[in-house]
Each structure stands twice: as structure tokens, then as C-alpha cells.
Amino acid sequence: MDYAFQLAAQGEKLGEVPVGAVIVCGEKVLGEGFNQPISSHDPTAHAEIIALRQAAQNVQNYRLVDASIYVTLEPCTMCVGALVHARIARLVFGTTEPKAGAVVSKSQLLDNDYFNHRVNYAGGLMAQECQHQLSEFFALRREQKRQEKVKRQEAQVEQEKHA
């Protein structure tokens, strides 16, 4: 999880929401990723999806049987579906996602019996650190937007003075 946390920080440096994911089988890293939907112009470029794609390429199989994924944030519906299709054995996530989490928060997709594969899961590993990373990111983003708004208002006042 520590490595996933470091990957999330890489994404944050690019202005992405800091979420990182690492897929391992035994001691071997098969794939890794961080959120990049903004920079890649791809709404599916979540950390989990990037890691799944890389892992599947590395093993030359879309099935990642016996692999575990470590992700800093509870996965969304899209990512849960991808984990099931990839036959990931185990999911470990850091902090919950109260708005869109599809494992324990908003929906409990992995607890349903209609999937043809069962993903074991556990949450809360490095939860405080992961939550803090996300909270700090969004606090900074809100402050930046507030400052931009103030600048726009000041520019408008200046423009009206000269009109």
C-alpha cells in the first residue's frame, strides 16, 4: 500500500486526484498506476484500470488469477466491474469513498452473488494517510479556485473602472 500511496502522489503532481494502485502476485509487481483521466483525456483512466491494463500486458492474459490489488481509495462501480472481469483474487483499499464507493460505501457490489467471480476485499489499510492525502488535495484545489474567482472579480472591477 505504501507504493500505491507513492503512485498517488505522482498523479497529484500532475494535477490528478491522488489515487494509486499496485497489482501483485506473490512478491512480484505485475502492474501499477495512478489516476490520469484529466491528463490522458480518458474518463476510464482510473488508477485501477491503468494497473489492470499494465498487469494484463505483463502476463499476456486478461485474467489475473491469484493477483491482489492495493489501491488507496475504495473503487468505483467501473473499477469493481473490471476487477471482477480480470478475476482479481483480492482487493485491499486504503480509505472509503463516501460519494461513489462501490465496495462498502454507496453500494456493496462485491457482496452480490450474481457475479461469476468472487473478489475478497479488505479496507482501511493506511486509511488515515490515504484520507489525508485526498483531503489536502481537495482543500488546495478549493483554495486555488477561490483565488481564481477573486482574480476574475478584481479584473472585472478594473475593467468597469475604465469603461
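Throughout what follows, the structure given in this document is the object of discussion. (Residues numbered from 1 in each chain as written. Predicted model: local features only at pLDDT ≥ 70, side-chain atom pairs only at ≥ 80, totals over all residues. Heavy atoms only, no water.)

**What to know about helix H1 (residues 2–13)**
One full turn of an α-helix is made of 3.6 residues, so residues set three or four places apart face in the same direction.
Point 1. If you check H1, its first and last C-alpha atoms are 17 Å apart, about what 12 residues at 1.5 Å a residue would give, namely 16 Å.
Point 2. Those residues of H1 lying buried are Ala4, Leu7, Ala8 and Gly11. Around the axis of H1, the buried residues are gathered within 105° of arc, so they sit on the same side.
Point 3. Following H1 by one or two positions, Gly15 adopts a phi angle in the positive range, close to 85°. (Helix = DSSP H or I, 4+ residues; strand = E, 2+ residues; numbered from the N terminus. Expected span 1.5 Å × (residues − 1). Buried < 20%, exposed > 50% of the residue type's maximum accessible area, 1.4 Å probe, protein only. Arc of directions from axis to C-beta.)

**Focus: the pattern of salt bridges**
Point 1. If you walk through the whole model with that rule in mind, you get three salt bridges.
Point 2. The shortest N-O distance in the salt bridge between Asp42 and Arg53 comes to 3.7 Å. Taken as a pair, Asp42 in the loop between helix H2 (37–40) and helix H3 (47–59) and Arg53 in helix H3 lie far apart in primary sequence, 11 residues in all.
Point 3. Overall, the relative accessible area of 23% leaves Asp42 in the partly exposed class.
Point 4. Residue Arg53 is classed as partly exposed on the basis of its relative accessible area of 42%.
Point 5. The salt bridge involving Arg146 is made with Glu143; its shortest N-O contact spans 2.8 Å. Linking Arg146 with Glu143, this pair stays in helix H5 (residues 127–161), spanning three residues, or about one helical turn. (Salt bridge = Lys/Arg side-chain N within 4 Å of Asp/Glu carboxyl O.)

**Comments concerning the environment of Gly33**
Point 1. Looking at where Gly33 falls in the secondary structure, it is placed in strand E2 (residues 28–34).
Point 2. In contact with Gly33, not counting residues within four places along its chain, are Leu7, Val19, Gly20, Ala21, Ala47, Ile50 and Ala51. (Contact = heavy atoms within 4.5 Å.)

**Some points on the side chain of Glu74**
Point 1. When you line up the elements, Glu74 lands in the loop between strand E3 (68–73) and helix H4 (77–85).
Point 2. Buried within the structure, Glu74 lacks any salt-bridge partner; Lys106 is the closest side chain of opposite charge, at an N-O distance of 10 Å.
Point 3. For Glu74, the side chain forms a polar contact with the side chain of Ser105, separated by 2.5 Å.
Point 4. For Glu74, the contacting residues outside a window of four places in its chain are Phe93, Thr95, Thr96, Glu97, Gly101, Ala102, Val103, Val104 and Ser105. (Lys, Arg positive; Asp, Glu negative; His and termini not counted. Polar contact = N/O pair within 3.5 Å; in protein donor to acceptor, adjacent residues only side chain to side chain.)

**Notes on the nonpolar core**
Point 1. Counting 31 residues, the largest nonpolar core has Ile23, Leu52, Leu64, Ile88 and Leu91 as its most contacted members.
Point 2. Among the secondary structure elements, those contributing two or more residues to this core are strand E1 (20–25), H3, E3, H4, strand E4 (90–95) and H5.
Point 3. For this core, the leading source of residues is H3, giving five residues.
Point 4. When sequence neighbours within four positions are dropped, the list of residues in contact with Ile23 reads Lys28, Val29, Leu30, Gly31, Ala51, Leu52, Ala55, Leu64, Ala67, Ser68, Ile69 and Ile88.
Point 5. Within the second largest apolar cluster, seven residues are counted, among which are Met1, Val24, Phe34 and Val92. (Core = buried A, V, L, I, M, F, W, Y, C linked by side-chain atoms within 4.5 Å.)

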